[in-house]
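Report on the structure
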Amino acid sequence: MSSIVSRNLKIYFRDKSAVFFSLLGILITVGLYFLFLGDTYTDGLADFNHPEIFMAGWIMSGLLSITSVTTTMGAFGTMVQDKEKKIYKDFYCSPIKRSVLTMGYIISSAVVGLIMTAVVLVITVVYLAANEAIVISAMLVVKMILLSALTSLSNTAMALFIVSLINSEKAFSAISGVMSALIGFLTGIYIPVGNLDEGVQMVVKCFPTSHSAVLFRQILMENSLNEGVKSYPAAAQAEALAEVKDVLGVVFKFGETECSAEMSLLILVGALVVFSSLSIFTLNRKKTA
Amino acid sequence: MNKIVQVTSLKKSYKDVHAVKGLDFYVEEGKLFAFLGPNGAGKSTTIDMICTYLRPDSGKILLDGSEVGKNDDEIRRKIGIVFQDSVLDPILTVRENVTIRGSMYGLHGKELKEAVENACEVVGMTDFMKRPYGKLSGGQRRRVDIARALVNTPKILFLDEPTTGLDPQTRVNVWNTISDLQKQNNMTIFLTTHYMEEASDADYVVVIDDGKIAAKGTPAQLKEKYAGNYLYIVPKNKDSLLNTLKKNKITYKQNIDTISIPIVHTVDSLEILDKVRENIDSFEVIKGTMDDAFIGITGKEIRR
C-alpha cells in the first residue's frame, strides 16, 4: 500500500503543471480578491473599524475550505489516467488486491489535500497574525488543525465521488476545470453569501464545503469582527454584528434558525460518510464490468 | 516435458463478437512459444485470459498446476507480462518504476533492491536507472518493460507483440534479449507476434485466425506442410520444355523468362529435372518461407 501511495504522490507532485492547475481555483480567488474584489467589499463595510482586517480573515477562511477540493481532484487525476492508459491492467495482473489499489488512490489524494491545506494554513496564520487579525493561541492552532483535517477528508470524499463517475481524461479535465471555476461561487467566497439572491444562497448553504468556510470564519473572524463593530454606538453593536455575520456567511441562517457550529461539523462529517459510501458503491459496480 | 500452460476449449465473447472460439493448446516448459495471427485474431484476448485479467466465458486454463479463476494470486506471482502498450509511468525514473511494481509482489527492502538491480541488468538498462522512463527511446523503454516483467523472477514470461513499432535494428536488439533470456535462464517465453522472422525462431508455433487454431507445429513442420516449394527452370527451348511438362501432366506456371513448378518436397524436383535435363539453361529450388506458410494457413497476407 505505502509504495502505491508514494507512487501516486510522486506522480502528482512531479507534474508541475498539474499541481499548478489544481491550485488554479485558489489562485483565481487570491487574484480576484487582491486585484479588485477586496476593495469593493471593504468600501461597502466602511462603517466598521478596519474592515480590511476582518475581510482578510474572511478570504483566508474561504481559501482554506476549497484548497482540498481542487487539489484532491487533481490528485485523483492519476486514477483516471491509469484507467485511460490501461495502466491498471498491469496492477490487475499482479498479486495485489483491487481494494488496496483503490485505497492507495484515496489515501494519496487525502494526503495531497492535507499537505496543500497545511501550507495554506501556515500562510493564513502567519498572514493574519501579522495583520493583527488573530491572536495565536494553542487553542486556536488545535482548532484550525482539526478543522483543516476534517475539511480535507470531507472534500476528498466528494472529489472521489465525482471522479468515480468519470472514465476518460477528457471528461476529467473538463470537470476539474468547471469545478475550479465554480467552487468559489458554490462556497460563497467570491461573493459574500448575503449578496446573492435567495435561491443561490440556498445552494451555497447546502453545499457541504461552505460549512467548512463558515467554521473557519467563526474561528478567524471572531476577534476582528468584535473590534470592527466598535465603531457603532454601543446600543447598535449587537444588531450590526449579527447582520454582518449573516451577510459574510460567518453564520448561516436557514429561515430564522441559525445553523450552529455543531450542525456545520455534522454536515462535514455527513458529507464524508455519504460521499465515501456512494463512491464505494459506484466503484464496485464498475469493477464487475 | 512439463506442460507449463495448458489451455482447454477456451472461449470468450464480447457481446456479439466471438473473439476466441474454443482454443486447445499447451506450452512446454523452457520453450519459446509463439502465438501467431493477423490483427484481431484473438491473440491479446487469449493472453489476457491466461494472465488472469479477463475471465473466460468457458474453458479451462492451467498454469504450472494452478487453475485460472481459482488461484489467481498464485498465478500472478509466477508470470511476468510485457504488454503491447507501455504501462509504466513516464514521469518516474526507471528505478522508481521497477521498484514500485516489484513491491506489489510483496518484495521489500534489500530483497526488492536486488530484484530491481537484477532485472535491469538482464536487459542492460543499469546505466539508465535515474532517467525518467518517458525520456527514453522506444527500444530502451521496451527493455525497461521487460525488466518490470522480470522483477518477480517469473517462471513464464508473456510478451504481447514486444517488437511492434520498433525500428529494425532495435527490434533485433530486443529480440536478442528475449531469446537470451530463454536460452540462458531456461525461462518459458510465450509471445504473440505478427512478424514471421520472429515466429520462425520459436520452438513451437500456434497460428490462430478468427478465434480458432488454424495450424500448429514447429516452424519447420509448418513450412513443410503449408508453404509450397517451387522449382524454377530457365529453359533453352521454352516450347519443348512446356511440351515435356504437359506430356507428364506436371502443373506449371509461365513467368516472363522462367517456368515455375510447385512441388511438395524439394527432392521431388530431381525427378522432374531428370526428364528435362537437356533443356535446362539454369534452375533453382526455392523452399517455402514462414510467410508462405502463413498465407497458406490463413489465406491472408501478413501485415508487415
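Above: the structure in question.
First, a word on what this report is: a plain description of the structure on this page. (Residues numbered from 1 in each chain as written. Chains lettered and ligands numbered in written order. Predicted model: local features only at pLDDT ≥ 70, side-chain atom pairs only at ≥ 80, totals over all residues. Heavy atoms only, no water.)

1. With respect to the overall build of chain A
Within chain A, the secondary structure is distributed over 13 helices and two strands. The globule rule puts the C-alpha radius of gyration for 289 residues at 19 Å, and the 20 Å found for chain A is close to it. In terms of overall dimensions, chain A has a C-alpha envelope of 75 × 35 × 35 Å along the principal axes. In chain A, buried positions account for 50% of the 289 residues. Restricting to contacts in chain A with at least 6 residues of sequence separation, those with at least 24 account for 81%. The positive charge centre, built from 20 side chains, and the negative charge centre, built from 20, are 22 Å apart in chain A. (Helix = DSSP H or I, 4+ residues; strand = E, 2+ residues; numbered from the N terminus. Rg over C-alpha atoms; globule rule 2.2 N^0.38 Å. Buried < 20%, exposed > 50% of the residue type's maximum accessible area, 1.4 Å probe, protein only. Contact = heavy atoms within 4.5 Å. Lys, Arg positive; Asp, Glu negative; His and termini not counted. Charge placed at Lys NZ, Arg CZ, Asp CG, Glu CD.)

2. A look at the side chain of Thr67(A)
Residue and element names in this part refer to chain A. Structurally, Thr-67 is set in helix α4 (residues 51-84). A distance of 2.6 Å separates the side chain of Thr-67 from the backbone oxygen of Leu-63, its partner in a polar contact. Leave out the neighbours within four places in its chain, and Thr-67 touches Ile-26, Met-116, Thr-117 and Val-120. (Polar contact = N/O pair within 3.5 Å; in protein donor to acceptor, adjacent residues only side chain to side chain.)

3. Some points on unusual backbone geometry
All names here are of chain B. Look at Ser-9: it is not a glycine, yet its phi comes out positive at around 30°. Tracing the backbone through its elements, the reader meets Ser-9 in strand β1 (residues 3-14). A relative accessible area of 39% places Ser-9 in the partly exposed class. Despite not being glycine, Lys-249 shows a phi value in the positive range, around 55°. Relative to the assigned elements, Lys-249 resides in the loop between α9 (238-247) and β12 (253-254). Look at Lys-249 and you get exposed, because its relative accessible area is 79%.

4. A look at the packing of aromatic side chains
One pass over the full model with this rule turns up 21 aromatic pairs over all chains. An aromatic cluster of at least three residues, connected via ring pairs, comprises Phe25(B), Phe33(B), Phe35(B), Phe158(B), Phe190(B) and Tyr204(B). When the ring centre of Tyr92(A) is taken as origin, the NZ or CZ atom of Arg98(A), which lies over that ring, is 3.7 Å away. The ring centre of Tyr26(B) lies 4.5 Å from the NZ or CZ of Lys3(B), which sits over that ring. (Phe/Tyr/Trp six-rings, centres within 6.5 Å; stacked < 30°, edge-to-face > 60°. Lys NZ or Arg CZ within 6 Å of the ring centre and 35° of its normal.)

5. What to know about the interface of chain B and chain A
With 24 residues of chain B in contact, the opposing surface of chain A contributes 19 residues. Where chain B abuts chain A, roughly 2,000 Å² becomes buried across the two surfaces, and 60% of that area is made up of carbon and sulfur atoms. On the chain B side of the contact with chain A, Tyr53(B), Ile91(B) and Met104(B) bury the most area, a combined 33% of that side's loss. Applying the counting rule to chain B against chain A returns six salt bridges. (Buried area = accessible area lost by both parts, 1.4 Å probe. Salt bridge = Lys/Arg side-chain N within 4 Å of Asp/Glu carboxyl O.)

6. Side note on the nonpolar core
Core analysis: the biggest nonpolar cluster contains 63 residues, and Phe25(B), Ile50(B), Phe158(B) and Phe190(B) have the highest contact counts within it. Ranked by residues supplied to this core, first place goes to helix α7 (residues 138-164) of chain A with seven residues. In this view, Phe190(B) contacts Phe25(B), Val27(B), Phe33(B), Phe35(B), Ile47(B), Ile50(B), Ile156(B), Leu157(B), Phe158(B) and Leu159(B); residues no more than four positions away in its chain are not counted. By size, the runner-up hydrophobic cluster in this structure holds 45 residues, among which are Ala34(B), Leu159(B), Met196(B) and Ile297(B). (Core = buried A, V, L, I, M, F, W, Y, C linked by side-chain atoms within 4.5 Å.)

7. Concerning the pattern of salt bridges
Scanning the model with the defined rule gives 23 salt bridges over all chains in all. For the salt bridge of Lys31(B) with Glu28(B), the shortest nitrogen-to-oxygen distance reads 3.3 Å. What makes Lys31(B) partly exposed here is its relative accessible area of 28%. Residue Glu28(B) is classed as partly exposed on the basis of its relative accessible area of 24%. Ionic pairing is found between Arg101(B) and Asp89(B), a salt bridge with its closest N-O pair at 3.2 Å. Placement of Arg101(B) in helix α3 (residues 94-103) and of Asp89(B) in the loop between β6 (79-82) and α3 is noted, with a sequence separation of twelve residues between them. Each of Arg7(A), Asp82(A), Asp90(A), Asp89(B), Arg101(B) and Arg148(B) takes part in one network of salt bridges that share partners.

8. A look at the pairing of strand β10 (residues 212-217) of chain B
Residues and elements named next belong to chain B. In this sheet, β10 lies alongside strand β9 (residues 204-209) in antiparallel orientation, the contact comprising five bridges. Paired with Asp-209 across the bridge in β10 is Lys-212. What sits between the antiparallel neighbours β9 and β10 is a turn of two residues, in which Asp-210 has the positive phi angle 55°. (Pairing = 2+ DSSP bridges.)

9. Considerations on the sheet that holds strand β5 (residues 66-67) of chain B
Residues and elements named next belong to chain B. With antiparallel pairing, the four strands of this open sheet are ordered in space as β2-β1-β4-β5. The open sheet terminates on both sides in strands that have one partner only, identified here as β2 (17-28) and β5. Note that β1 and β2 share nine bridges and pair antiparallel. Residue pairing in the sheet places Val-7 in a bridge with Phe-25 of β2. Contacts between helix α1 (residues 43-50) and the sheet are confined to β1, β2 and β4 (58-63), with β1 contributing the most and set at about 120° to the helix. (Axes fitted to C-alpha atoms, helices over the stretch in contact; angles between N-to-C directions.)

10. Here we look at the sheet that holds strand β3 (residues 32-36) of chain B
Residues and elements named next belong to chain B. Here six strands make up an open sheet; going across it, the order is β6-β7-β8-β3-β9-β10 and the pairing mixed. Single-partner strands in this sheet number two, and they are β6 and β10. Neighbour-to-neighbour, the strand axes of this sheet turn through a mean angle of 15°, independent of strand direction. Of the pairings in the sheet, the one linking β3 to β9 comprises four bridges and is parallel in character. Counted as the bridge partner of Ala-34 is Val-205 from β9. Its contacts with the sheet place helix α6 (residues 168-185) against β3, β7 (156-160) and β8 (188-193), and it is angled at close to 150° to β8. Across the sheet, helix α11 (residues 290-298) is in contact with β3, β9 and β10; its angle to β9 comes to roughly 40°.

11. Some words on a negative patch on the surface
All names here are of chain A. Side chains of Glu-239, Glu-243, Asp-246 and Glu-258 sit close together on the surface and give a patch of like negative charge. Among the elements that take part in the negative patch, helix α12 (residues 234-248) stands out by supplying three residues, more than any other. By secondary structure assignment, the location of Glu-243 is in helix α12. Assessed through its relative accessible area of 53%, Glu-243 is described here as exposed. (Patch = residues over 30% accessible without salt bridge, like charges linked within 9 Å, V, L, I, M, F, W, Y side chains within 5 Å. Areas by Shrake-Rupley, 256 points an atom, 1.4 Å probe, with all protein chains shown as cover.)

12. So, the packing of α7(A) against helix α10 (residues 208-220) of chain A
Residues and elements named next belong to chain A. The contact between α7 and α10 brings their axes to 10 Å, and the two run at 170°. Viewed along their axes, α7 and α10 adopt a mutual orientation that is roughly antiparallel. For the pair α7 and α10, the contacting residues are Leu-140, Lys-143, Met-144, Leu-147, Ser-148, Thr-151, Asn-155 and Met-158 in the first and Thr-209, Ser-212, Leu-215, Phe-216, Ile-219 and Leu-220 in the second. Looking at the contact of α7 with α10 residue by residue, the class counts come to eight nonpolar, five polar and one charged. (Parallel < 35°, antiparallel > 145°, perpendicular 65-115°, else oblique. Nonpolar A, V, L, I, M, F, W, Y, C, P; charged D, E, K, R; others polar.)

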